Amino acid sequence: MTEMEVRNIETAPGLVFDASVAGSGSAPLVLMLHGFGVSRHFWKAQVPVLGEAGYFAVAPNQRGYSAGARPDPANLDSYRFDKLTSDALDLVSAVGHGDKRFHLVGHDWGASLAWAIAFKHPERLRSLTILSRPHPMSFARALAMPDGEQKRRSGHHQAFLEPDAVPKLLANDCAWLRSRHTKEGVPKEAIDRHLSVLGSAPAMEAALAWYRARGERMPLGPIKVPTLYVWGDADDTVGRAAAEGTGEFIDAPYRFEVLPGVGHYAADQMPERVNELLLDHLRRHAA
């Protein structure tokens, strides 16, 4: 198995991202973006497998999660959505792939960034792989449904905007996150890895700044990049309507894979199956 290393990647003065990396830097790049409540360790089972399969896998701790790329979270301008998507493209350039097409993988918040990048810069991508987070327009449609199911599933987003959200999340050794992750099938050792990154006041403040700086969601049109969407039908944050509706917003080869009994964190809960699906998708869209 190709060995995974941790590399510090500087994209600009004051922005140094720590990233899990495997494979030759000259191989096709696979950039992997994590979501809230986890970290670069979310892709721990994928990065070395991708390196072994002939790819250059890069999975960074994103803005605010990396201590070296943590602007003051009181300045929400530093955590605007466009800054977060720019980080991803700047990382691609920093690892020497600024003039090459690459594969993009995202989960949760990282998937929100990935959807936007795929819509705005389809010419940059070989393929798109999404875990959990539906296409933003399908998600918005589900949020507006009269049954209120998706709105209830997304209720924690509002709680993250409260002034006391950080101490509540950190209380009792991050009990709320530990409980939620456990209910979603994340192993204890994986939870410990994520909280080694996120479980401090500076990191948690920065992570919640993503929500506080979000503003109105940018409307996205059809995605013109070959897309794999993986959804666990026990995901507590994404209901069936939003997940199943995503295909209506893809104008390219599309595969929707449902993982029975799997929660929000498929890469932590079923890493081998995620590897199988991801490798097959990358091989199908290598050109």
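In the block above lies the structure referred to throughout.
About the criteria used
Going along each chain's sequence as written, the residues are numbered from 1 onward. Local features in this predicted model are restricted to residues whose pLDDT is 70 or higher, and side-chain atom pairs enter the listing and the counts only when it is 80 or higher, whereas totals over whole chains, interfaces and linings include all residues. The side-chain numbers reported here are obtained from all heavy atoms of the structure, hydrogens and water having been left aside. A run of H or I in DSSP counts as a helix once it spans at least four residues, and a run of E counts as a strand once it spans at least two, with each numbered from the N terminus. Computation of the radius of gyration draws on C-alpha atoms alone. For the globule rule, the value is 2.2 Å times the number of residues to the power 0.38. Contact definition: two residues touch when any of their heavy atoms are within 4.5 Å. Here the accessible surface of atoms and residues is derived via Shrake-Rupley with a 1.4 Å probe, and residues count as covered only by protein chains that are part of the display. As used throughout, the charge tally considers Lys and Arg to be positive and Asp and Glu to be negative, leaving His and the chain termini uncounted. Where a charge lies is defined by one atom per residue type, namely NZ (Lys), CZ (Arg), CG (Asp) and CD (Glu). Note on exposure labels: buried denotes an accessible area under 20% of the residue type's maximum, exposed denotes more than 50%, and partly exposed covers the range between, all computed with a 1.4 Å probe on protein chains only. Residues adjacent in sequence count toward polar contacts only when both atoms are side-chain atoms; beyond that, a polar contact is any pair of N or O atoms within 3.5 Å, and within protein one must be able to donate a hydrogen and the other to accept it. Points on a 1 Å grid over protein atoms alone make up a cavity when a 1.4 Å probe fits among them but cannot get out, and a pocket when they form an open set with protein on both sides within 12 Å along at least five of seven lines; lining residues each have an atom within 4 Å of a point. Grid points are joined across faces, edges and corners, and a volume is the space filled by probe spheres set on the points. All residues other than Ala, Val, Leu, Ile, Met, Phe, Trp, Tyr, Cys, Pro, Asp, Glu, Lys and Arg, Gly among them, are scored as polar; the first ten of these are nonpolar and the last four charged. Under the convention used throughout, the expected extent of a helix is 1.5 Å for every residue step, that is, one less than its residue count. Note on terminology: a nonpolar core comprises buried Ala, Val, Leu, Ile, Met, Phe, Trp, Tyr and Cys residues joined through side-chain atoms within 4.5 Å. Every axis corresponds to a line fitted to the C-alpha atoms, with the helix fit spanning only the stretch in contact, and the corresponding angles, defined between N-to-C directions, vary from 0 to 180 degrees. Reported orientations rely on four angle classes, namely roughly parallel under 35 degrees, roughly antiparallel over 145, roughly perpendicular from 65 to 115, and oblique for the rest. When the near helix sits turned anticlockwise from the far one by under a right angle, the crossing is termed left-handed; a clockwise turn instead gives a right-handed crossing. Pairing between strands requires that DSSP locate at least two bridges from one strand to the other. If the strands point away from the viewer and the path from the first strand over the helix to the second runs clockwise, then the crossover is right-handed.

Participant: Any chance you could explain the overall build of the protein chain here in plain terms?
Facilitator: When you go through the protein chain residue by residue, the secondary structure sums to twelve helices and eight strands. For the protein chain, the C-alpha radius of gyration of 17 Å lies close to 19 Å, the compact-globule estimate for 287 residues. Considering only residue pairs separated by 6 or more positions, the protein chain has 76% of its internal contacts joining residues 24 or more positions apart. Put simply, the protein chain shows about 11500 Å² of open surface, and 53% of that area lies on carbon and sulfur atoms. Positive and negative charge centroids in the protein chain, built from 32 and 34 side chains respectively, lie 2 Å apart.

Participant: I'm lost on the side chain of Ser138 in this one. Help?
Facilitator: Of note, Ser138 is situated in helix H4 (residues 136–143). On the accessibility criterion, Ser138 (1% relative accessible area) is buried. Separated by 3.4 Å, the side chain of Ser138 and the backbone nitrogen of Thr246 make a polar contact. Not counting the four nearest positions on each side in its chain, Ser138 is found in contact with Ala241, Ala242, Gly245, Thr246 and Phe249.

Participant: Just to check I follow, could you spell out the layout of surface pockets for this structure?
Facilitator: Here the idea is plain: a probe the size of a water molecule rolls over the atoms and shows the empty space left. Each pocket or cavity is described by its volume, and for the largest pocket that value is around 500 Å³. Surrounding the largest pocket, 19 residues form its lining, Phe139, His157, Tyr211, Arg214 and Arg217 being those nearest its centre. Grouping the amino acids of the lining of the largest pocket by side-chain chemistry returns seven nonpolar, six polar and six charged.

Participant: Looking at this model, I keep getting lost on helix H9 (residues 201–212). Mind explaining?
Facilitator: Because an α-helix completes one turn every 3.6 residues, residues spaced three or four positions apart along the sequence face the same direction. In this model H9 runs 16 Å from its N-terminal to its C-terminal C-alpha over twelve residues, within 8% of the 16 Å that 1.5 Å per residue would give. Contacts from the buried residues of H9 go to helix H2 (81–94), helix H3 (109–120), helix H6 (155–159), helix H7 (165–183) and helix H8 (188–198).

Participant: For this particular structure, what's the right way to read the nonpolar core?
Facilitator: Generally speaking, soluble globular proteins have nonpolar side chains that are buried together. Residues Met32, Phe36, Trp43, Leu50, Leu104 and Leu128 are the most contacted members of the largest nonpolar core, which totals 92 residues. Here the element with the most residues in this core is H3; it accounts for eight residues. Leave out the neighbours within four places in its chain, and Leu128 touches Leu104, Ala114, Trp115, Ala118, Ile223, Val225, Pro226, Thr227, Leu228 and His281.

Participant: Sorry if this is basic, but what is going on with the packing of H2 against H3 here?
Facilitator: In a packed pair of helices, the relevant descriptors are the angle between the two axes and the axis-to-axis distance. Orientation of H2 relative to H3, taken along the N-to-C sense of each, is 80°, at an axis distance of 10 Å. Classified by the angle their axes make, H2 and H3 are roughly perpendicular. Within the contact between the two elements, H2 uses Phe81, Leu84, Thr85, Ala88 and Leu89 and H3 uses Trp109, Ser112, Leu113, Ala116 and Ile117.

Participant: Looking at this structure, how should I read the packing of H7 against H9?
Facilitator: Direction vectors running N to C along H7 and H9 enclose 120°, while the axes themselves pass 10 Å from each other. Judged by the inter-axis angle, H7 sits oblique to H9. In this structure, H7 crosses over H9, and the sense of that crossing is right-handed. Contact residues: Ala165, Val166, Leu169, Leu170 and Leu177 in H7; Ala201, Met204, Glu205, Leu208 and Arg212 in H9. Its residues placed into classes, the contact of H7 with H9 shows eight nonpolar, no polar and two charged.

Participant: What is the right way to read the pairing of strand S3 (residues 29–33) from this model?
Facilitator: The element S3 is largely enclosed, with a buried count of five among its five residues. Side chains Leu29, Leu31 and Leu33 project from S3 onto one buried face, and the interleaved Val30 and Met32 project onto a second face that is buried too. When S3 meets strand S4 (residues 56–60), the two strands line up parallel, connected through three bridges. Across the sheet, the residue bridging to Leu31 is Val58, located in S4. Crossover connection from S3 via helix H1 (residues 47–52) to parallel S4: handedness right-handed.

Participant: I'm lost on the environment of Leu169 in this one. Help?
Facilitator: Relative to the helices and strands, Leu169 is located in helix H7. A residue is classified by how much of its surface remains accessible, and Leu169, at 5% relative accessible area, is buried. Taking the C-alpha atoms as reference points, Leu169 and Ala286, 117 residues apart in sequence, are found 41 Å from one another. Those residues in contact with Leu169 that sit more than four places away from it in its chain are Phe36, Phe160, Cys174, Ala175, Trp176, Leu177, Met204 and Leu208.

Any functional reading would require information beyond the geometric quantities listed.
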